[in-house]
Amino acid sequence: MTTATRARLTNSGLRQEVSDGLIMTWRNLKRVPRIPELWIFAILQSIMFVLLFAYVFGGAIPLPGGGSYTEYLMPGIFAQTIVFAAATTAITLTYDLSKGIIDRFRSLPMARSAVLSGRTFADVVYNGGILIVLMLTGLAVGWRVHTDVLSFLGGVGLLMLFAFAMAWMGVWLGLAVQTPEATQQLSFTVLFPITFLSNVFVPTQTLPDWLRPVAEWNPVSALTAATRQLWGNPNPFAASGFPAEHPIELTVIWVVVLVAIFAPLGVLRYRSMSR
Amino acid sequence: MRVFTTLLRPDAGRATVGGFDVVHQAQEIRHIMGLSGQYAAVDENLTGRENLQLFGRLYQLTWAEASRRAAELLEQFELADAADRTVKTYSGGMRRRLDLASALSGQPRILFLDEPTTGLDPRGRLGMWDIIRGLVREGTTLLLTTQYLEEADELADKIAVVDHGRIIARGTADELKAKVGGERIEVVVDHREDIPRAIELLTRATEGEHALDDHMRRITVPARGGARSLVQVVRDLDEAGIAIDDIALRRPTLDDVFLSLTGHSAELAAPGAKDAVKAGAETKT
């Protein structure tokens, strides 16, 4: 072994994992402006949901305790967008797999973790960008934050944490399915019910008794209720109970649980992958 | 190939690359090797320069080193004009050159090329051959797999012929060709009924064993006297009034080697078993 390789090898460990992860984040973010169809449709889809629910269905959905439906809706739209972004994570990852570039990464002396950590970091940043556009849309249709800057940032922080958890779920989905088309199908069969069986569009009071606990404990409901509470938007919860009283804590718990499940599953799949 | 490049763990046996074990010292191997070909790719949505910077960084160069190396490689591979365009806009030949350049961004001692010219037009292929020859001249050890036996002939010092996953012959191109013998004369007669007489004339003129492809009406004999034997044969056949469709003096190619070793041609055996038939070629310095 030459001295040069020896010196470079000692550079491994946590420092290399972070630095390679950041290089991969750079790579993933560089690509974003060049694949506009990816984020344009993500944004348009969310705006369509805003318009449909604010102006079409919203009138038929009474809020227990009153309040503006639009203000009720927007935090749900943010949460929904972040959940759907898991599909984008999965699809971009399977795309990389199908193009063979993951094999090149696997042949390089880089940290093994960097492909996945770079993917999830980049997707959190990407979600942040989308969120800004949606917040501006929300402001345009009458959504407002009624609390202080700190609470506002707290809500944004929760959304970003949740985006990180969803990105890991997307990683696992993508590696489990391995083709972009199948990923697209599977993501929506999984992600649609998760967002609709929640308090995103409709207050949980209207649900049948047996279904209500499912919707209340749903991580998407927790996130939505937490941001509504932090921003002073209408937050009509059915009854007392942990989800109603501690949505912020529940969201953090869910983030920890989801990352603890999907990150190891994703990493294991990636490691055992030798097609 | 996938085992040597640490993409796949071997089911059985051991392998070392540059003195490192492919299972236990995979990361060391990744530092000294470059991989290009059907298993590795570049990023279509990055520019040529960004791709090279990315791979340079992942070879653990600093940003400054990676950028300098990228500029060097873009110049060397005649991609400088297209450096800041996304790879999506590149032609097939440009992509292949960038792919090879990416494998070189860490200045590897050992280079693995997996069918580097598959799908390239003849000009692109000759260009790649020039580049690869240059790398070997500068001291890089090269292991290349190819379906084109002509390519192995051009680029490799040592060749291993692989059929259905097993090495069936190895040696230099000349050694392998010597196994099938020297030059041969091939004659295709017009009329089937002339075949026996033609064989008689041919074996007398060349004093060798003949081979007959009855369906194609083709007779092959060794040509010990080279071009003189050919002239003799033409004269004899003409005097005997045997009409011929085609006549040629053939030097053995690696295709002949493959055929005579396996009893089937490289192309015919290929479908179904992707890695079954390949000529591995190695150039050591």
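Rules and cut-offs
Residues numbered from 1 in each chain as written. Chains lettered and ligands numbered in written order. Predicted model: local features only at pLDDT ≥ 70, side-chain atom pairs only at ≥ 80, totals over all residues. pLDDT = per-residue confidence, 0-100. Contact = placed C-beta atoms within 7 Å. Helix = DSSP H or I, 4+ residues; strand = E, 2+ residues; numbered from the N terminus. Expected span 1.5 Å × (residues − 1). Buried ≥ 20, exposed ≤ 12 C-beta atoms within 10 Å, placed from the backbone. Arc of directions from axis to C-beta. Axes fitted to C-alpha atoms, helices over the stretch in contact; angles between N-to-C directions. Parallel < 35°, antiparallel > 145°, perpendicular 65-115°, else oblique. Left-handed = near helix turned anticlockwise from the far one by under 90°. Pairing = 2+ DSSP bridges. Right-handed = clockwise from strand over helix to strand, strands pointing away. Core = buried A, V, L, I, M, F, W, Y, C linked by C-beta atoms within 7 Å. Nonpolar A, V, L, I, M, F, W, Y, C, P; charged D, E, K, R; others polar.

Engineer: Please clarify how the confidence of the model for chain A should be interpreted in this entry.
Structural biologist: One rule of thumb: low pLDDT means the predicted coordinates there are not for detailed reading. Here chain A averages 89 in pLDDT, and 94% of its residues register 70 or above. Segment residues 1–10 of chain A: pLDDT under 50, and eight contacts once partners within four positions in sequence are set aside and those in other chains are kept.

Engineer: Even after reading the chapter, I still don't get helix α3 (residues 36–57) of chain A, so can you show me in this structure?
Structural biologist: Given 3.6 residues per turn, any residue in an α-helix points the same way as the ones three and four places further on. Residue and element names in this part refer to chain A. The terminal C-alpha atoms of α3 lie 30 Å apart, and with 22 residues this matches the ideal 32 Å at 1.5 Å per residue to within 8%. For α3, the set of buried residues is Ala-42, Ser-46, Phe-49, Val-50, Phe-53 and Ala-54. Along the axis of α3, the buried residues cluster in a sector spanning 110°; they form a single face. Across α3 from its buried face, at more than 90 degrees, point the exposed residues Pro-36, Glu-37, Ile-40, Phe-41, Leu-44, Met-48, Tyr-55 and Val-56. On its buried face, α3 is in contact with α4 (69–99) and α6 (114–141).

Engineer: Before we go on, may I ask you to explain the packing of helix α7 (residues 149–177) of chain A against helix α12 (residues 247–272) of chain A in this structure?
Structural biologist: The packing of two helices is summarised by the inter-axis angle and the distance between the axes. All names here are of chain A. Packing of α7 against α12 leaves a shortest axis separation of 8 Å and a crossing angle of 30°. Between α7 and α12, the angle is such that the two are roughly parallel. Crossing angle aside, the handedness with which α7 passes α12 is left-handed. On α12, the residues touching Leu-158, Leu-161, Phe-162, Phe-164, Ala-165, Trp-168, Met-169, Val-171, Trp-172, Leu-175 and Ala-176 of α7 are Ile-248, Thr-251, Val-255, Leu-258, Val-259, Phe-262, Ala-263, Leu-265, Gly-266, Arg-269 and Tyr-270.

Engineer: Can you help me understand the sheet that holds strand β8 (residues 184–189) of chain B in this one?
Structural biologist: In any sheet, the strands associate via hydrogen bonds between backbone groups, in a parallel or an antiparallel arrangement. Residues and elements named next belong to chain B. An order of β9-β10-β8-β11 is seen for the four strands of this open sheet, with the pairing classed as antiparallel. The strands lining the two open edges of the sheet, one partner per strand, are β9 (211–213) and β11 (244–250). Geometrically, the sheet is characterised by an average inter-axis angle of 15° between neighbouring strands, direction not taken into account. Pairing of β8 with β11, which is carried by six bridges, proceeds in the antiparallel orientation. Its bridge partner being in β11, Glu-186 is matched across the sheet by Ala-248. Packing against the sheet, helix α8 (residues 195–206) makes contact with β8, β9 and β10 (218–222), and its axis sits at approximately 10° to β10. In the packing of helix α9 (residues 227–239) onto the sheet, the strands contacted are β8 and β11, and the crossing angle to β11 comes to about 165°.

Engineer: Is there a simple way to explain helix α2 (residues 48–58) of chain B in this structure?
Structural biologist: Burial analysis of α2(B) places 11 of its 11 residues in the buried class, the great majority of the element. What α2(B) keeps buried is the set B:Gly48, B:Arg49, B:Glu50, B:Asn51, B:Leu52, B:Gln53, B:Leu54, B:Phe55, B:Gly56, B:Arg57 and B:Leu58. Looking at the buried side of α2(B), the elements it contacts are α2 (14–31) of chain A together with α3 (63–76) and α4 (92–104) of chain B. Immediately downstream of α2(B), the backbone of B:Gln60 shows phi near 70°, a positive value.

Engineer: Mind showing me how you'd approach the pairing of strand β5 (residues 141–146) of chain B here?
Structural biologist: Strand residues, when the strand is regular, have side chains that alternate between the two faces of the sheet. Residues and elements named next belong to chain B. Counting buried positions along β5 yields five of six residues, so the element is predominantly enclosed. Pairing between strand β4 (residues 110–114) and β5: five bridges, direction parallel. For Phe-112, the partnering residue across the bridge sits in β5 and is Leu-143. Assessed by its sense of winding, the connection that carries the chain from β4 through helix α5 (residues 122–137) to β5 is right-handed.

Engineer: Sorry if this is basic, but what is going on with the nonpolar core here?
Structural biologist: For soluble globular proteins, the rule of thumb is that nonpolar side chains tend to be buried together. Counting residues in hydrophobic clusters, the biggest one holds 120 residues, and the most contacted among them are A:Ile82, A:Ala86, A:Phe162 and A:Met166. Excluding residues that lie within four positions of it along the chain, A:Ala86 makes contacts with A:Met166, A:Ala167, A:Met169, A:Gly170, A:Leu173, A:Ser187 and A:Leu191.

Engineer: Sorry if this is basic, but what is going on with the interface of chain B and chain A here?
Structural biologist: Each partner contributes residues to the interface: chain B has 25 residues there, and chain A has 23 residues. If you list the elements that add at least two residues to the side of chain B that touches chain A, you get α1 (26–32) and α2 of chain B. The residue inventory of the side of chain B that touches chain A, partitioned by class, reads 12 nonpolar, seven polar and six charged.

Engineer: Just checking my understanding: could you explain the packing of α3(A) against α4(A) for this structure?
Structural biologist: Residue and element names in this part refer to chain A. It is at 10 Å that the axes of α3 and α4 come closest, and there the two elements cross at 150°. Considering their axes alone, α3 and α4 lie roughly antiparallel with respect to each other. Crossing handedness for the pair α3 and α4: right-handed. Residues Leu-38, Ala-42, Ser-46, Phe-49, Val-50, Phe-53 and Ala-54 of α3 form the contact with α4, whose participating residues are Tyr-69, Thr-70, Leu-73, Ile-77, Gln-80, Thr-81 and Thr-88. When its residues are assigned to classes, the contact of α3 with α4 shows nine nonpolar, five polar and no charged.

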